[in-house]
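Here's the letter readout for the chains.
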Amino acid sequence: MNEWPEQPEGARPMRHVQRRPQGQQSPQYRQGYEQGQAYDQGQGYDQGQGQGYDQGQGYNPNFTQARATGYDSGYSSGQVYGGPQGGGHGSGGPGGPSGPGARPTGPAPDWRKRIKIGSIVLVVGVLAWGVGTYAWASSQMRNEVDLSKVIERPVEGDCTTYLIVGSDSREGMTAEDKKKLHTGSAEGKRTDSMMILAACSSGNTMVSLPRDSWVTIPNFVGSESGKAYPARGGSKLNAAYAMDGPELLVRTVEFNTGLRIDHYAEIGFAGFANIVDALGGVELNIDKGFKDKKSGADFQAGKQTLNGEQALAFVRTRYAFAESDLARTKNQQKFLSALANQAATPGTILNPFALYPTLGAGLDTLIVDKDMSLWDLGQMFFAMKGISGGDGKSMNMPIAGSAPQGSLKWDMPKVKQLVEQIKNDEKVTVESNR
């Protein structure tokens, strides 16, 4: 008796649950079994078939079930695990990529976030480098001049003023260096050049002070001895430095001009030449060629790059010119402006391979006042650079004529006008006579 209910009209048979008589094998089972036997007998695994894989169509559970029990349910999913149908759990996860060589996928990279983090790291690195360089350079500065020892000082003006001095100091130079640079072997040190640099908002001004200027050396207190000394009239300006060094030189300049000096900077022969060499030379356009045996100068007219030895000869030459010291001061201004213009450039400041040698060469021999910071020193160089770029003017101290001992007498009415314009941060209109 058939106990199965009658099939409702219109119902369709479910092929995937169709039963087969016991002992009857499905075509899939027979094919899988035969391929499995071939594998067991050493004939190899044929392109992923056998052992339950149905002609590359995926895993067939009927194979395992039928081989173990002799019963085949007839069910075959017909899909390949990890296949391109997208419904399985392949290497890319549900719905992800699959197949040989497929890699797990994840969320797309957030490039905005990466760029932001990279920018922050870069800024922090640059700041750290800048702070480290500033600290190192500050530690190398020789803050040796004490301007607090200068007495009876003029009132401060609106501009920042620097007294820049080139001395004939041979400190740190070997006998070979002295011969090479034509410096001689005189003991001690004297001023070889002096100039006032006024950094003003109205424009920068560089005023050279001939070392043979005829001035009064005022009363002063010795910077080392503390002893009081009376005034001494009718002396050359460079005598003040020889008597009591930078402090008395500042005192003498202030007394004869009425202009307060805010900062002092001095460099010797060796330091000057080393800075030029560290920069790889300084390009300069020489208007007229000249020679001088005493300084070692031998220049042709035209644009050229001067090394340290040549630069020192250029700024020291005086006997090759009819105007002697006045012509030399003009060359000194011209070269210092070119030097500052080349030193204060991104190519030097932002390049560690140029910046560190330049700072190392200069700071070891540059002597400054105790209140001068690295920032002030940088401002001084940028002010000189501004002059070479046309932002300001360079001039000699106005001269009225000759004085005893081959010295030069200042034109005091013009000197007074010049000083007042600098004090009040006005554009300098005074012209030097020579």
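Residues numbered from 1 in each chain as written. Predicted model: local features only at pLDDT ≥ 70, side-chain atom pairs only at ≥ 80, totals over all residues. Heavy atoms only, no water.

Trainee: Help me understand the nonpolar core, please; the structure alone is not making it clear to me.
Mentor: In summary, soluble globular proteins display a tendency toward joint burial of nonpolar side chains. One finds L197, F272, F314, F335, L339, M380 and M384 to be the most contacted residues of the largest nonpolar core, which totals 46 residues. In terms of residue count, the dominant contributor to this core is helix α8 (residues 325-343) (seven residues). Core analysis: the second largest hydrophobic core is formed by 34 residues, L249, I261, V419 and V428 among them. (Core = buried A, V, L, I, M, F, W, Y, C linked by side-chain atoms within 4.5 Å. Buried < 20%, exposed > 50% of the residue type's maximum accessible area, 1.4 Å probe, protein only. Helix = DSSP H or I, 4+ residues; strand = E, 2+ residues; numbered from the N terminus.)

Trainee: So what exactly am I meant to see when it comes to the sheet that holds strand β5 (residues 191-199) here?
Mentor: By way of backbone hydrogen bonds, the strands of a sheet pair with one another, either parallel or antiparallel. The strand order across the open sheet formed by seven strands is β3-β16-β11-β4-β5-β6-β17, and the pairing between neighbours is mixed. In this open sheet, the two edge strands, each paired with only one partner strand, are β3 (142-145) and β17 (392-396). The mean angle between the axes of side-by-side strands here comes to 25°, regardless of whether they run parallel or antiparallel. Bridge count for strand β4 (residues 160-167) against strand β11 (residues 263-267) is five bridges, and the pairing is parallel. Bridge pairing in β11 links Y162 to H263. Packing against the sheet, helix α5 (residues 237-257) makes contact with β3, β4, β5 and β11, and its axis sits at approximately 10° to β5. (Pairing = 2+ DSSP bridges. Axes fitted to C-alpha atoms, helices over the stretch in contact; angles between N-to-C directions. Contact = heavy atoms within 4.5 Å.)

Trainee: Quick question: what am I supposed to make of the pattern of salt bridges here?
Mentor: Proximity of charged atoms lets side chains of opposite charge pair with each other. Enumeration according to the criterion identifies 10 salt bridges in this entry. One salt bridge in this structure joins E156 and R260, with 3.9 Å as the shortest N-O distance. With E156 in the loop between β3 and β4 and R260 in the loop between α5 and β11, this residue pair connects regions lying 104 residues apart in the sequence. Overall, E156 belongs to the exposed group, its relative accessible area being 59%. As a salt-bridge pair, K393 and E431 come within 3.2 Å of each other at their nearest N and O atoms. Linking K393 in strand β17 with E431 in the segment after α12 (412-423), this pair joins segments that are 38 residues apart in sequence. (Salt bridge = Lys/Arg side-chain N within 4 Å of Asp/Glu carboxyl O.)

Trainee: Please clarify how the environment of Q405 should be interpreted in this entry.
Mentor: Position of Q405 relative to the elements: it lies in the loop between β18 (399-403) and β19 (407-410). Classification of Q405 as exposed rests on a relative accessible area of 61%. Look past the residues within four positions of Q405 in its chain and what remains in contact with it is W214 and K236.

Trainee: I tried to follow the confidence of the model for the protein chain on my own but got confused; where do I start?
Mentor: Fine structural detail should not be taken from predicted coordinates in areas where pLDDT scores are low. Taken over all residues, the pLDDT of the protein chain has a mean of 77, while the share at 70 or more is 67%. Counting contacts from residues 61-66, a segment whose pLDDT is below 50, to residues more than four positions away or on other chains yields 18 contacts. This model gives residues 75-96 a pLDDT under 50, and the stretch forms 34 contacts once residues within four places in sequence are excluded. (pLDDT = per-residue confidence, 0-100.)

Trainee: It is not clear to me how the packing of aromatic side chains should be interpreted in this structure. Could you clarify?
Mentor: Aromatic ring pairs: the centre-centre distance and the angle between the two ring planes describe each pair. Using the criterion set out here, one finds seven aromatic pairs in the structure. The interplanar angle of 50° and the centroid separation of 5.5 Å between the aromatic rings of F272 and F335 together place this pair among those described as tilted. Of this pair, F272 sits in helix α6 (residues 269-278) while F335 sits in helix α8, and the two are 63 residues apart along the sequence. Residues F272 and F335 agree in their burial class; the two are buried. (Phe/Tyr/Trp six-rings, centres within 6.5 Å; stacked < 30°, edge-to-face > 60°.)

Trainee: Just checking my understanding: could you explain α5 for this structure?
Mentor: Residue pairs three or four apart in sequence face the same way in an α-helix, which turns once every 3.6 residues. The end-to-end C-alpha separation of α5 is 12 Å, well short of the 30 Å expected for 21 residues at 1.5 Å each. Approximately 140° is the largest bend angle found in α5, and it occurs at D244, with the proline P246 only one to four residues beyond. Taking burial as the measure, the 21 residues of α5 include 17 buried ones, the bulk of the element. (Expected span 1.5 Å × (residues − 1). Bend = angle between axes of the 7 residues up to and from the residue.)

Trainee: Help me out: how do you make sense of α8 in this one?
Mentor: The end-to-end C-alpha distance of α8, which contains 19 residues, comes to 26 Å, matching closely the 27 Å that a straight helix rising 1.5 Å per residue would cover. Here α8 lies mainly inside the structure; 15 of its 19 residues are buried.

Trainee: Help me out: how do you make sense of the pairing of β19 in this one?
Mentor: Side-chain direction in a regular strand flips from residue to residue, so the side chains alternate between the two faces of the sheet. Sheet topology places β18 next to β19; four bridges connect them, and they run antiparallel. In the sheet register, G401 faces β19, and the bridge partner there is K409. Count of turn residues in the β18/β19 antiparallel hairpin: three residues, of which Q405 carries a positive phi of about 60°.

Trainee: Sorry, what's going on with the side chain of D244 here?
Mentor: For D244, the position within the fold is in helix α5. Here the side chain of D244 touches S223 through a polar contact of 3.0 Å, landing on its backbone nitrogen. Sequence-distant contacts of D244, defined by excluding residues within four places in its chain, comprise F220, V221, G222 and S223. (Polar contact = N/O pair within 3.5 Å; in protein donor to acceptor, adjacent residues only side chain to side chain.)

Trainee: Any chance you could explain the state of the cysteines here in plain terms?
Mentor: Simply put, disulfide is the name for a covalent bond between the sulfur atoms of two cysteines. A complete count under the given rule lists one disulfide for this structure. The disulfide that involves C159 links it to C200, with 2.1 Å between the sulfurs. Measuring the twist about the S-S bond at about 120°, one finds the C159-C200 disulfide to be right-handed. Here C159, found in the loop between β3 and β4, pairs with C200, found in the loop between β5 and β6 (204-208); they are 41 residues apart in sequence, far enough to count as distant. This pair shows no difference in class: C159 is buried, exactly as C200 is. (Disulfide = S-S within 2.5 Å.)

Trainee: What is the right way to read unusual backbone geometry from this model?
Mentor: If a residue is not glycine, its phi is most likely negative; likewise, a peptide bond is most likely trans. Although it is not a glycine, E152 sits at a positive phi angle of roughly 50°. Among the secondary structure elements, E152 is positioned in the loop between β3 and β4. The phi dihedral of D425 is positive, around 55°, even though this residue is not glycine. On the secondary structure map, D425 appears in the segment after α12.

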